[in-house]
Structure formats: structure tokens, C-alpha cells
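Topology and contacts: notes
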Amino acid sequence: MTDHSILRPAAPDLPFQAEARILTAIFTAVFVELPRAFGAAVRAQQIAEELFLLDSPGLAALGLERETLGRFIVEQSGMTDGQSE
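These remarks concern the structure in this document. (Residues numbered from 1 in each chain as written. Predicted model: local features only at pLDDT ≥ 70, side-chain atom pairs only at ≥ 80, totals over all residues. Heavy atoms only, no water.)

**Here's the deal with the overall build of the chain**
In terms of regular secondary structure, the chain is built from 3 helices and 0 strands. Mapped in sequence order, the helices and strands of the chain form the string α-α-α. Considering only residue pairs separated by 6 or more positions, the chain has 46% of its internal contacts joining residues 24 or more positions apart. When the accessible surface of the chain is split by element, carbon and sulfur atoms take 63% of a total near 7100 Å². (Helix = DSSP H or I, 4+ residues; strand = E, 2+ residues; numbered from the N terminus. Contact = heavy atoms within 4.5 Å. Areas by Shrake-Rupley, 256 points an atom, 1.4 Å probe, with all protein chains shown as cover.)

Right under this line is the structure:
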């Protein structure tokens with residue numbers, strides 16, 4: 001007969017395991033993801049304030065065009081990858 005013990009979990013589910021996973025997800029969102037998002041938003045605002053003061057020749061000197069500033073700001077602030085710098 002074939003032993004199928006490797007298909008069963010080593011230990012039964014612990015009491016309140018599902019609730020612990022939910023609380024972990026909530027705490028991770030509130031204490032990790034939310035501050036990271038706020039940090040990226042603050043960096044984006046700082047970058048935007050500096051770049052919007054420049055005229056077209058000033059932006060061209062940096063290799064930027066006014067039409068692409070939004071994408072540039074999002075990329076530089078770290079908002080797309082979800083990680084802070």
C-alpha cells in the first residue's frame with residue numbers, strides 16, 4: 001500500500017489561524033503599506049514642485065518634456081514598484 005502521509009499537513013490547523021491571517025494582513029496594510037504609500041506620495045509632491053517651476057528650456061536641459069512629467073514623477077518617487085527607496 002502507498003503511504004500518502006506527505007499529502008496531509010504535518011499538524012492540524014491551529015485555533016484562530018484564519019483570524020490571525022486576517023489580522024496580519026490588516027496590520028501589514030496599516031503599518032507597512034500605508035506609510036510606504038504616503039512616503040512615495042510626499043516624494044512625488046516634492047519632485048513635482050521642483051519640476052513645475054522650470055520652463056521648457058530648463059526641462060529640456062534635464063532631458064524631460066512637459067508632457068512626460070507625470071510618468072517621470074511617478075517613476076522617480078517609487079510609486080510604481082511599491083517599494084520605498
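**Some remarks on unusual backbone geometry**
Of note, the phi angle at Phe 16 is positive, near 65°, even though the residue is not glycine. In this fold, Phe 16 is placed in the segment before helix H1 (17–52).

**A word on the pattern of salt bridges**
Counting across every chain of the model gives 1 salt bridge. Across the salt bridge formed by Glu 33 and Arg 36, the nearest N and O atoms sit 3.5 Å from each other. Highlighted residues: Glu 33 and Arg 36, both in helix H1, separated by 3 residues, approximately one helical turn. (Salt bridge = Lys/Arg side-chain N within 4 Å of Asp/Glu carboxyl O.)

**Description of helix H3 (residues 69–77)**
Turning to H3, its buried residues are Leu 69, Ile 73 and Ser 77. End-on, the buried residues of H3 take up no more than an arc of 55°, which puts them together on one face. Check the buried side of H3 and you find it contacts H1 and helix H2 (56–61). One or two positions beyond H3, positive phi appears at Gly 78, with a value near 90°. (Buried < 20%, exposed > 50% of the residue type's maximum accessible area, 1.4 Å probe, protein only. Arc of directions from axis to C-beta.)

**Some thoughts on the nonpolar core**
Soluble globular proteins tend to pack their nonpolar side chains together in the buried interior. Counting residues in hydrophobic clusters, the biggest one holds 8 residues: Ala 44, Ile 47, Ala 48, Leu 51, Leu 59, Leu 64, Leu 69 and Ile 73. Breaking this core down by element, the ones donating at least two residues are H1 and H3. Per-element accounting of this core gives the leading share, 4 residues, to H1. Setting aside chain neighbours within four positions, we find Leu 51 in contact with Leu 59, Leu 62, Leu 64, Leu 69, Phe 72 and Ile 73. (Core = buried A, V, L, I, M, F, W, Y, C linked by side-chain atoms within 4.5 Å.)

**Here's the deal with the packing of aromatic side chains**
In the structure shown here, the tally under the stated rule is 1 aromatic pair. Between Phe 27 and Phe 31 the ring centres are 6.1 Å apart and the planes differ by 40°, which places this aromatic pair in the tilted class. With Phe 27 and Phe 31 both in helix H1, this residue pair falls 4 residues apart, about one helical turn. By relative accessible area, which is 47% here, Phe 27 ends up partly exposed. By relative accessible area, Phe 31 is classed as exposed at 60%. (Phe/Tyr/Trp six-rings, centres within 6.5 Å; stacked < 30°, edge-to-face > 60°.)

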